[in-house]
Amino acid sequence: MVDPYKTREDYPVLSLKVEGKNPIYFDNACMTLKPRQVIEAIEDYYNTYPGCGGRSAHKFALKVTMRYDEAREKLQGFVNASRKEEIIFTKNATEAINLVANSLWLKEGDMVLTTDKEHNSNLVPWHLLRDRKGVIHEVVPSNPDNTFNIENLKEKMSRKVKLVSLVHTSNLDGVTVPAREIIEIAHDYDALAMLDGAQSTPHREVDVQGLDVDFFALSVHKMAGPTGMGVLYGKYGLLENLEPFLGGGDTVQQTSYTRSEFLPPPEKFEAGLQNYAGAIGAGAAVDYLASIGMEEIHEHEVSLNRYISKGLWNLGAEIIGPEDPALRGGIVSFTIPGLDVHDIAMFVDEMANVMIRSGMHCVHSWFTARGMKGSARASVYLYNTKEEAKIFLESIGQMKEILG
Ligand SMILES: Cc1ncc(COP(=O)(O)O)c(C=O)c1O
């Protein structure tokens, strides 16, 4: 089990006083805090070998190339890819999904299926493809408690479906889809499967080979790593056949005035000078998370979720998603009848330095379909404590007393 009092010591910002009080950071689904191990790895790059990788042959450049490659290997190990060339560095999960949307051989009449609660990152790219190429996008309706409905997926499946692209763990309610079963169904119809793992990779063990997933997008800034970093995993045989999304320096072996000869993956997808500090920081982040243990992190989050959910129910809140906190990981998305969700977020910030998110969390489609303005969302991570959760609940209680 994670000892949050011990892990907290790794996070310099948690010992800062903001207006006289320690910050209580419950906005981890948006972005997590960074431990000193990650900050130091980035500082080390800028302070001691700030060169560009893969190009020049001097000492700085050779060290960057080596560390960049090591970071790729660390990410490979973290998601259990079969080779490091299956790991493509991107600037975030959104870019990883867009890479697939723009590079895959989808054409007019091909169908892409998603859930009905996708982050805009796995929705807008399909709207664009529909408008540009005539690709059809359809949603698989979830169960009333927002869990995935396999029968609804089966009903939607046909030979027209070329890609099933789903949020692995939802940022709306923390629910994880039964990915292995879904991917098997997609493959039965010769469709490819992509998972948006922005909210799963930071909190659970992910095994891309075990899942047999074709593409997997992740977001480094949500897993104790630096901003501006993401990863696309793809099966090597598929990546070899994908068109590059962006062309430019470092993607090609040779060019003439009329031709470009591309390098193999991953280089053909990593155009221009890369975010070396970001990749090196990502490597440090996965080392850090692995040293703590992903299942331990998940258990810790669920135990906090139980405590927060119970406290919120006692205060009359309605929680989005299934009743069982174990099915909602580290996310508690809620509304309180009679209170505005933005007022809730502002109040707990003002009163107790508790930082949560309010609004539609980039899942506008789900909220607008239900005529809802949004929710307040508390999302926890490996440094959050029960004491912090208690302060959060007390501040909601105070708000209800004053305004409710
Ligand atoms: C489920 C999900 N998908 C995609 C994203 C986008 O991630 P990124 O900011 O890395 O592009 C987010 C970010 O909140 C998310 O929660």
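Residues numbered from 1 in each chain as written. Predicted model: local features only at pLDDT ≥ 70, side-chain atom pairs only at ≥ 80, totals over all residues.

A closer look at the pairing of strand S3 (residues 111-115)
The buried count for S3 comes to five of five residues, which makes it a mostly enclosed element. Burial along S3 is two-sided: the residues Met111, Leu113 and Thr115 and Val112 and Thr114 are all buried. This β-α-β element, S3 to helix H5 (residues 124-133) to strand S4 (residues 136-140), shows right-handed connectivity. (Buried ≥ 20, exposed ≤ 12 C-beta atoms within 10 Å, placed from the backbone. Helix = DSSP H or I, 4+ residues; strand = E, 2+ residues; numbered from the N terminus. Right-handed = clockwise from strand over helix to strand, strands pointing away.)

So, unusual backbone geometry
Most peptide bonds adopt trans geometry, and most residues besides glycine take a negative phi value. Note that the residue after Pro265, namely Pro266, is joined by a cis bond; omega there is 0°. Along the polypeptide, Pro266 turns up in the loop between strand S10 (260-262) and helix H10 (276-292). One non-glycine residue, Glu19, lies in positive phi territory at about 50°. By the secondary structure assignment, Glu19 is in the loop between helix H1 (4-7) and strand S1 (24-25). Judged by the 7 C-beta atoms lying within 10 Å of it, Glu19 is exposed. Despite not being glycine, Cys362 has its phi angle at roughly 65°, a positive value. Inspection of the secondary structure puts Cys362 in the loop between strand S14 (357-359) and helix H13 (364-369).

Here's the deal with the site of the ligand
Taken together, 14 residues sit near the ligand, with Asn92, Thr94, His119, Asn171 and Ser219 positioned nearest. Its residues placed into classes, the shell around the ligand shows five nonpolar, eight polar and one charged. (Near = placed C-beta within 6 Å. Nonpolar A, V, L, I, M, F, W, Y, C, P; charged D, E, K, R; others polar.)

Details of the nonpolar core
If you look at the biggest cluster of nonpolar residues, it comprises 74 residues, and the most contacted ones within it are Val231 and Ala285. In terms of residue count, H10 provides more of this core than any other element does, 10 residues in total. Setting aside chain neighbours within four positions, we find Ala285 in contact with Val38, Val220, Met223, Ala224 and Gly225. Counting 38 residues, the second largest nonpolar core, distinct from the first, contains Leu172, Ile297, Ile319 and Val348. (Core = buried A, V, L, I, M, F, W, Y, C linked by C-beta atoms within 7 Å. Contact = placed C-beta atoms within 7 Å.)

A closer look at the packing of helix H12 (residues 341-352) against helix H14 (residues 386-403)
Following both chains from N to C, one finds H12 and H14 inclined at 115°, their axes separated by 9 Å at the closest point. Judged by the angle between their axes, H12 and H14 are roughly perpendicular. Seen along the crossing, H12 lies across H14 with a hand that is right-handed. On H14, the residues that touch Ile344, Phe347, Val348, Met351 and Ala352 of H12 are Ile391, Phe392, Ser395, Ile396, Gln398 and Met399. Along the lines of polarity and charge, the residues of the contact of H12 with H14 split into nine nonpolar, two polar and no charged. (Axes fitted to C-alpha atoms, helices over the stretch in contact; angles between N-to-C directions. Parallel < 35°, antiparallel > 145°, perpendicular 65-115°, else oblique. Left-handed = near helix turned anticlockwise from the far one by under 90°.)

A closer look at the sheet that holds strand S12 (residues 331-335)
Pairing is antiparallel in the open sheet, where four strands are placed in the order S11-S12-S15-S14. The open sheet terminates on both sides in strands that have one partner only, identified here as strand S11 (318-319) and S14. Summarising the sheet, S14 and strand S15 (residues 375-379) pair through three bridges and their orientation is antiparallel. Opposite Gly359, over in S15, you have Ser375 as the bridge partner. (Pairing = 2+ DSSP bridges.)

Description of the environment of Phe347
On the secondary structure map, Phe347 appears in helix H12. Distance from Phe347 to Arg204, taken between C-alpha atoms, is 31 Å for residues 143 residues apart in sequence.

A look at the sheet that holds strand S6 (residues 192-196)
Taken together, the seven strands give an open sheet; going across it, the order is S2-S8-S7-S6-S5-S3-S4, and neighbouring strands pair in mixed fashion. The open sheet terminates on both sides in strands that have one partner only, identified here as strand S2 (87-90) and S4. Neighbour-to-neighbour, the strand axes of the sheet open up by a mean angle of 20°, direction not taken into account. Of the pairings in the sheet, the one linking S6 to strand S7 (residues 215-219) comprises three bridges and is parallel in character. Bridge pairing in S7 places Met194 opposite Phe215. Sitting on the sheet, H5 is in contact with S3 and S4, with an inclination near 145° to S4.

A word on the packing of helix H11 (residues 294-314) against H14
Contact geometry for H11 and H14: axes closest at 10 Å, N-to-C directions at 15°. By the angle between their axes, H11 is roughly parallel relative to H14. Handedness of the H11/H14 crossing: right-handed. For the pair H11 and H14, the contacting residues are Leu304, Tyr307, Ile308 and Gly311 in the first and Lys386, Ala389 and Leu393 in the second. Partitioning the contact of H11 with H14 into residue classes produces five nonpolar, one polar and one charged.

Some thoughts on the environment of Ser200
On the secondary structure map, Ser200 appears in the loop between S6 and helix H8 (208-211). It is 6.2 Å that separates the C-alpha atoms of Ser200 and His168, two residues lying 32 residues apart in sequence. Apart from the residues within four sequence positions on either side, Ser200 is in contact with His168, Thr169, Thr176 and Val206.

Focus on the domain arrangement of the chain
Splitting the chain by domain gives domain 1 (4-30 + 293-403) and domain 2 (39-291). Here the C-alpha centre of domain 2 lies 28 Å away from the C-alpha centre of domain 1. Taken together, the contact between domain 1 and domain 2 spans 21 residues of the former and 21 residues of the latter. Elements with a contribution of two residues or more to the side of domain 1 that touches domain 2: H11, S12 and H13. For the side of domain 1 that touches domain 2, the leading source of residues is H11, giving five residues. Looking at the side of domain 1 that touches domain 2, its residues break down into 10 nonpolar, eight polar and three charged. (Domains from an automatic or database assignment.)

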